[in-house]
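Remarks on the overall topology
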Amino acid sequence: MENIDQTDKTILRILQNDSKKTAKEIASMLSLTVSPVYERIRRLENQGFIKKYVAILDKTRIGRSVTAMCQVSMRYHNEAFIDEFEEQIQNLQEVQECYHVAGQVDFILKIHVQSLEEYHEFVRYKLSKIKNIGVLNSTFVIKEIKQTSEYYIR
């Protein structure tokens, strides 16, 4: 990680654990004054280390308790078909994450829906309408063991 020191890394650890921490609170935790901490945070934002601040919601409370991991294999692997798939996936609100992967499948999608019926409708009326999908293989989460948005920072 270029251009950042241990203090910057500590600030990143603190903010990714609780992005509502103020510069004043962080300064107190690090035994520093507020101004340098504020400037460090702004620099980390400007350099792209901090992409955005978000609230992580409880998926059950918002009615999205069913999580499916969908493996997608494409029929043809030319650039135009892959670009079209990636573009169309952006418009599917049920898809929280999409990864282009190497291996037996081409893409892995993380999908959150309210019910198995809603997942069926999503696959039937939305996902299956994307051209060039060859095979869909769905796996459903029965228990979430670990879920974090935090990256390990040395």
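Residues numbered from 1 in each chain as written. Predicted model: local features only at pLDDT ≥ 70, side-chain atom pairs only at ≥ 80, totals over all residues. Heavy atoms only, no water.

**A look at the sheet that holds strand 3 (residues 107-113)**
Across a sheet, strands are paired by hydrogen bonds formed along the backbone, either parallel or antiparallel in direction. On the basis of which strands lie adjacent, the open sheet formed by 4 strands has the order 2-3-1-4 and antiparallel pairing. The open sheet is flanked by strand 2 (95-100) and strand 4 (133-140), the only strands paired with a single partner. On average, each strand axis in the sheet is inclined to that of its neighbour by 20°, with strand direction left out of account. Bridging between strand 2 and strand 3 involves 5 bridges; their strand directions are antiparallel. What sits directly across from V95, in strand 3, is I111. (Pairing = 2+ DSSP bridges. Helix = DSSP H or I, 4+ residues; strand = E, 2+ residues; numbered from the N terminus. Axes fitted to C-alpha atoms, helices over the stretch in contact; angles between N-to-C directions.)

**Looking at the domain arrangement of the protein chain**
You can read the domains of the protein chain as domain 1 (6-47) and domain 2 (59-140). Between domain 1 and domain 2, the C-alpha centre-to-centre distance is 37 Å. (Domains from an automatic or database assignment.)

**Details of the UniProt feature "domain: HTH asnC-type" (unreviewed entry) in the protein chain**
When the UniProt feature table is mapped onto this chain numbering, "domain: HTH asnC-type" (unreviewed entry) sits at residues 4-65. Helix makes up 53% of residues 4-65 and strand 0%, whereas the separation of the span's terminal C-alpha atoms amounts to 39 Å. (UniProt positions renumbered as here; feature names shortened; annotations may be inferred.)

**Topic: the layout of surface pockets**
Its boundaries defined by the atoms lining it, the largest pocket holds a volume of some 1700 Å³. Lining of the largest pocket is provided by 36 residues; of these, K52, V54, I56, S149 and E150 occupy positions nearest its centre. Put simply, the parts of the chain that give the lining of the largest pocket at least two residues each are helix 1 (6-17), strand 2 and strand 3. By residue number, the principal contributor to the lining of the largest pocket is helix 1, which donates 4 residues. Of the residues contributing to the lining of the largest pocket, the split by class is 15 nonpolar, 10 polar and 11 charged. The residue makeup of the lining of the largest pocket includes at least three contributed by each of domain 1 (6-47) and domain 2 (59-140). (1 Å grid on protein atoms, 1.4 Å probe; cavity = no way out; pocket = protein on both sides within 12 Å on 5 of 7 lines; lining within 4 Å. Points joined across faces, edges and corners; volume = space filled by probe spheres on them. Nonpolar A, V, L, I, M, F, W, Y, C, P; charged D, E, K, R; others polar.)

**Quick look at the environment of L32**
Structurally, the position occupied by L32 is in the loop between helix 2 (23-30) and helix 3 (34-46). Spatially, the C-alpha atom of L32 lies 45 Å from that of E87, the residues being 55 residues apart in sequence. Residues in contact with L32, not counting those within four places in the same chain, are T7, A27 and V37. (Contact = heavy atoms within 4.5 Å.)

**Let's talk about the packing of aromatic side chains**
Two measures describe an aromatic ring pair: the distance that separates the ring centres and the angle between the ring planes. Per the stated rule, a full pass over the model turns up 4 aromatic pairs. When the centroid spacing of 4.3 Å and the interplanar angle of 35° are considered together, the rings of F85 and F107 count as tilted. With a gap of 22 residues between them, F85 in helix 4 (residues 79-89) and F107 in strand 3 connect regions that are remote in the sequence. Residues F85 and F107 agree in their burial class; the two are buried. Site record: aromatic cluster; members linked through ring pairs are Y119, F122 and F140. (Phe/Tyr/Trp six-rings, centres within 6.5 Å; stacked < 30°, edge-to-face > 60°. Buried < 20%, exposed > 50% of the residue type's maximum accessible area, 1.4 Å probe, protein only.)

**Examining the state of the cysteines**
Tallying each qualifying case throughout the model produces 0 disulfides. You can see C70 has no disulfide; the closest cysteine sulfur is in C98, sitting 9.8 Å from it. Among the residues examined, C98 registers a relative accessible area of 31% and is labelled partly exposed. (Disulfide = S-S within 2.5 Å.)

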